[in-house]
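Secondary and tertiary structure notes
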Amino acid sequence: MDVSKMTVSINKAINMQEVAVKEKHARTCILGTHHEKGAQTFWSVVNRLPLSSNAVLCWKFCHVFHKLLRDGHPNVLKDSLRYKSELSDMSRMWGHLREGYGQLCSIYLKLLRTKMEYHTKNPRFPGNLQMTDRQLDEAGESDVNNFFQLTVEMFDYLEYELTLFQTVFNSLDMSRSVSVTTAGQCRLAPLIQVILDCSHLYDYTVKLLFKLHSCLPADTLQGHRDRFMEQFTKLKDLFYRSSNLQYFKRLIQIPQLPESPPDFLRASALSEHISPVVVIPAEASSPDSEPVLEKDDLMDLDASQPVRAPRERKSLFDNSKFDDVFGSAFSNDPFVFGSQNGVNKDDKDHLTDQLYREVSGLKAQLENLKTESQRSLLQLKGRVSELEAELAEQQHLRQQAADDCEFLRAELDELKKQREDTEKAQRSLTEIERKAQANEQRYSKLKEKYSELVQNHADLLRKNAEVTKQVSTARQAQVDLEREKKELEGSFQHVSEQAQLKTQEQTEVLESLKQELTRNQQELQLLQGTLAASAQSEAKWAAQLAELEKERDGLVRAAARRDVEVATLQEQLGRTQQELTGTQESAERQAKDQRRVLLRECRQAAERAVQEALGQLEEPTLASCAGSADHLLSSIRSVSSCLEQLEESRSRYLACPKAELSKLLHSVTLLAHLTGDTILQGGATCLRAPPEPADSLNEICKQYGRDTLALLASLEEEERLPQTDCAALWTCLSKMAAIGQELLPRGLDIKQEELGDLVDKEMAATSAAIDMATARIEEMLSKSRAGDTGVKLEVNERILGSCTGLMQAIQVLIVASKDLQREIVESGRGTASPKEFYAKNSRWTEGLISASKAVGWGATMMVDAADLAVQGKGKFEELMVCSHEIAASTAQLVAASKVKADKDSPNLAQLQQASRGVNQATAGVVASTISGKSQIEETDSMDFSSLTLTQIKRQEMDSQVRVLELETKLQKERQKLGELRKKHYELAGVAEGWEEGAEASPSTLQEAVAEKE
């Protein structure tokens, strides 16, 4: 097909008129792709069309391109993959146009891109999606994972088809007969290709789902069934609406889907499935007709010569079969057949013997001539084949050069047009330069571009001249080859004629000896065949016998070696099993001994700690320490929780000694230290208490220490662990708690009247800070939505949304804390005023104030970190640290509020629920920050494809050095963080009135640190 004709058809099919694409133009484009076996001409014409400026033109391009992908040559897909990114950009561009053909073009381009990706991933599927059941099974390679992935890809493909279907219907005014108008037909025409694709995709999806249900459980495929149900409903409705349009009734017969979808849970339902068949009237011609006819003609022309050549060779061999053999024999023949009468018997025998000798010589000469003739014939055939191969190669090079020349001409035309456009731009820039000097820079850039284009034009002209020279050289070589071939054919014909003449002459002379010679030859051939067969058979059997003997010897040696190896391995296996058994037993004994040693050492250390506390209880240095009943009660609560942990660890250790040993040792050590602190706290409290409660408390502390030592002594042996009982310790703790409750102060002089007002002010300031932080986050979210797009907008929305959720959770926590504080004040102040209550409990009040300040400060810092992270100037780690700091501050506020609250109070339960909400919101902020960070980092993909081995090795060493440096910095920063926290708690103790060694015991500090962590 002529390229110009195809170009005209493409321009006629893709034009700016809002009418449907004519079928004859589309058919010509399809035939053109089959003729040139690709889509180079199609894309060279389309690239010159203004698809980005005219929506109707782009819509009709999508229709024609869809037809080419379905019915064109298979290479259309390969030639179109390089334009996939341009189709995506064009789809995004048309997606901004909400009216007319804008959305239609955007969705259609996405569909075409999806179709190209689908056929690239699944090359077994043809463009028109027509496959048999066997081909469908082969596409999945009998692997359920491949069938699962193939079903998902079909769902995605069908989803784009249905979206285009629905969008076209939504853009039409169904109240009027739009299918009979040219504008309506322009929009409806591409739906014929969509209907064809949808029918095949629906059929294959049903079959694949039945196959998956036969291999996988039904729960695993619940998502597939739900998605199929949704697409089935849409497709059934769209098929029904399409079948009622007048435009489709004369062009296509649309199938109707069943009333109810297939039941995939019932395997027999597959037999009830009927594949939907779309019927289209037969076309006048097929795109494959011309290439098939040309191929048949070529095959017939090529096949004519191999038929004649063997016949000529056979006739030549038959005619020259006897002439070369008997020519010399006849010239040396001593007999004269006309004078045989009167010859005696001896002469006759002598002549017979001589004749036999002559026949033997002739046979040898005949074999030599046959061998030489066959060798010459094979050489001539090889030479002819080489010449034909060279001729075909030269023709291919000529065709390739012609194609390159045509492509260069097309590029030359484009460059000429570009040069004309550049000249026009130069003239316009000259006029603009006279008017405004500000455009001088732009003019110079265009001038440089023009020079570059001229240089490229000159390079292309030189390249065109070189290609033309190569074409002429190839033509001259082809002419030389044809001339040489004709000379060889003439020489071959001359040799054949000479052989025929010689055959005729020798045939007349040797006519009398033919019969006898033929008989002798037959006998000789029979004997030679028998002898050759016997020799071949004997040699064959001898070779096979030798090979079998060698193979038997090798197998015997290999079997002997294997037996020795098996015996050695069995001995090694026995020794290894014995060693393994001994090693396991010794390891178990060592583990048991180690556990016993650890328990003994831990018990001894714990006993020393308790004994030291009991010893300090009697020392006079304890009088310098100040204690209080509330600190004593706090220590008792810590010991109670530790006892519960110890009982749980003991039960787990009895169930699994190896895994739970560390937890049991930790519980024992913690119990010893907390017991010592409680004993010292009780002794310090006795010094400030009345005599009778002080003596009782002192005795109970000593009894508690002795019971603790008895409990620790029972933990040394594993046999005594199940009988260990903590009832005595619980009794002592309950008595100490009762005395501590009696020793709590009932009233104090009011020294700081402003504490009550300060608590209310700080709580109000914290609420205001939270509200301000929420407003700033909303403002940042609005700015991000207005200025950011894509991944950055998605990350910013997720992070700011989680921060807003955290602020709301903190606001709920503050409200709950206020309610709980109000309840505590109402229940504890009696007849006193709230200010008097706060003044009486000044330490607790100062703790509330400190916690409120920390919450407000943390909210302000988190908003600043979020603002910097959204702008891209900050770090995501700062945002995570701020969220953790807020969670710690709110935990401090909860702990301060919970100290004086009733454990059965509903406000306390509400406060704890709000605290859990803050923890969940903090986890959400951290999770969204980590996800956003990873999502942004994934956009900067690392490409090492262009690096050499040396460069990769060097970068690997640099990365290892960087990792070591960062690990060192991380360790130093962690040490620095620990020191900062220690200093922070020291300063916090001074600011809030803690007295080291007096009012705040070490256990209280440890509990506060653990609470904040």
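As the structure is a prediction and not an experimental result, all values here were calculated from the model. (Residues numbered from 1 in each chain as written. Predicted model: local features only at pLDDT ≥ 70, side-chain atom pairs only at ≥ 80, totals over all residues. Heavy atoms only, no water.)

Quick look at the overall build of the protein chain now. When helices and strands are counted, the protein chain shows 30 helices and zero strands. Taking the contacts inside the protein chain whose residues are at least 6 apart along the sequence as the reference set, 80% of them involve residues at least 24 apart. Counting every atom, the protein chain has about 60600 Å² of accessible surface; 53% of that belongs to carbon and sulfur. (Helix = DSSP H or I, 4+ residues; strand = E, 2+ residues; numbered from the N terminus. Contact = heavy atoms within 4.5 Å. Areas by Shrake-Rupley, 256 points an atom, 1.4 Å probe, with all protein chains shown as cover.)

Note that side chains of opposite charge can pair when their charged atoms are close. All chains considered together, the criterion is met by 18 salt bridges. For the salt bridge of Glu414 with Arg48, the shortest nitrogen-to-oxygen distance reads 3.7 Å. In this pair, Glu414 is assigned in helix 16 (residues 345–435) and Arg48 in the loop between helix 3 (40–46) and helix 4 (55–71), connecting sequence segments 366 residues apart. When its relative accessible area of 30% is taken as the criterion, Glu414 is described as partly exposed. Here Arg70 and Asp197 are joined by a salt bridge, their closest N and O atoms 2.5 Å apart. Here Arg70 is found in helix 4, whereas its partner Asp197 is found in helix 11 (residues 191–213), with 127 residues between them in sequence. (Salt bridge = Lys/Arg side-chain N within 4 Å of Asp/Glu carboxyl O. Buried < 20%, exposed > 50% of the residue type's maximum accessible area, 1.4 Å probe, protein only.)

The next thing to look at is the side chain of Asp197. Residue Asp197 is classed as buried on the basis of its relative accessible area of 0%. Reaching out from Asp197, the side chain makes a polar contact with the side chain of Arg70 at a distance of 2.5 Å. Excluding anything up to four places from it in sequence, Asp197 contacts His66, Arg70, Lys115, Leu129, Tyr157 and Glu161. (Polar contact = N/O pair within 3.5 Å; in protein donor to acceptor, adjacent residues only side chain to side chain.)

Given a rise of 1.5 Å per residue, 20 residues ought to cover 28 Å, and the 29 Å separating the end C-alpha atoms of helix 7 (residues 102–121) matches this to within 8%. With 14 of 20 residues buried, helix 7 lies mostly within the body of the structure. (Expected span 1.5 Å × (residues − 1).)

The residue Thr114 is located in helix 7 in this model. Within the structure, the side chain of Thr114 is placed 2.8 Å from the backbone oxygen of Lys110, a separation counted as a polar contact. With residues up to four places along the chain from it excluded, the contact list for Thr114 reads Tyr157 and Tyr160.

The next thing to look at is the nonpolar core. One finds Ile14, Phe42, Phe61 and Phe125 to be the most contacted residues of the largest nonpolar core, which totals 91 residues. It is helix 11 that contributes the most residues to this core, 14 residues altogether. If near-sequence neighbours (up to four positions away) are discounted, Phe61 is found in contact with Ile14, Phe42, Trp43, Val46, Leu51, Leu87 and Leu109. In terms of nonpolar packing, the next biggest core, distinct from the first, is built from 42 residues, Leu632, Val639, Cys686 and Leu709 among them. (Core = buried A, V, L, I, M, F, W, Y, C linked by side-chain atoms within 4.5 Å.)

As a further point, take the confidence of the model for the protein chain. On average, residues of the protein chain carry a pLDDT of 76, and 79% of them reach 70 or more. Segment residues 283–343: pLDDT under 50, and 51 contacts once partners within four positions in sequence are set aside and those in other chains are kept. Note on residues 746–753: pLDDT is under 50 here. Beyond four places in sequence and across chains, it has eleven contacts. (pLDDT = per-residue confidence, 0-100.)

Turning our attention to the packing of aromatic side chains. Taken as a whole, this structure holds 19 aromatic pairs when the rule is applied. What links up through ring pairs into an aromatic cluster is the set Phe42, Trp43, Phe61, Phe65 and Tyr83. Between the NZ or CZ atom of Lys211 and the centre of the ring of Phe147, over which it lies, the distance is 5.5 Å. (Phe/Tyr/Trp six-rings, centres within 6.5 Å; stacked < 30°, edge-to-face > 60°. Lys NZ or Arg CZ within 6 Å of the ring centre and 35° of its normal.)

Its location among the elements puts Gly184 in helix 10 (residues 182–188). Separated by 166 residues in sequence, Gly184 and Glu18 place their C-alpha atoms 8.8 Å apart.

Given a rise of 1.5 Å per residue, twelve residues ought to cover 16 Å, and the 17 Å separating the end C-alpha atoms of helix 6 (residues 84–95) matches this to within 8%. Taken residue by residue, helix 6 has Leu87, Ser88, Met90, Ser91, Trp94 and Gly95 as its buried positions. Along the long axis of helix 6, the arc covered by the buried residues comes to 165 degrees, so they all point the same way. Next to the buried residues of helix 6 lie helix 4 and helix 7. (Arc of directions from axis to C-beta.)

Negative phi values dominate among residues other than glycine, just as trans dominates among peptide bonds. The residue Leu129 is not glycine, and still its phi comes out positive at about 65 degrees. Structurally, Leu129 is set in the loop between helix 7 and helix 8 (133–140).

Time to look at the packing of helix 1 (residues 3–13) against helix 2 (residues 23–36). Close contact between helix 1 and helix 2 brings their axes to 9 Å; oriented N to C, the two are set at 140 degrees. One element, helix 1, and the other, helix 2, form an angle in the oblique class. Crossing hand, helix 1 versus helix 2: left-handed. Of the residues in helix 2, those in contact with Met6, Ser9, Ile10, Lys12 and Ala13 of helix 1 are His25, Thr28, Cys29, Gly32, Thr33 and Glu36. For the contact of helix 1 with helix 2, the class distribution of residues is four nonpolar, five polar and two charged. (Axes fitted to C-alpha atoms, helices over the stretch in contact; angles between N-to-C directions. Parallel < 35°, antiparallel > 145°, perpendicular 65-115°, else oblique. Left-handed = near helix turned anticlockwise from the far one by under 90°. Nonpolar A, V, L, I, M, F, W, Y, C, P; charged D, E, K, R; others polar.)

Among the structural elements, Ala923 can be located in helix 28 (residues 906–939). With 121 residues separating them along the chain, Ala923 and Ser802 place their C-alpha atoms 9.2 Å apart.

Within the secondary structure layout, Ser784 lies in helix 23 (residues 755–787). Distance in space between the C-alpha atoms of Ser784 and Leu800 is 9.7 Å, their sequence separation being 16 residues.

Glancing now at the state of the cysteines. Counted according to the given criterion, the structure contains zero disulfides. Sulfur of Cys186: no disulfide; nearest cysteine sulfur belongs to Cys105 and is 9.3 Å away. Residue Cys186 is classed as buried on the basis of its relative accessible area, which comes to 3%. (Disulfide = S-S within 2.5 Å.)

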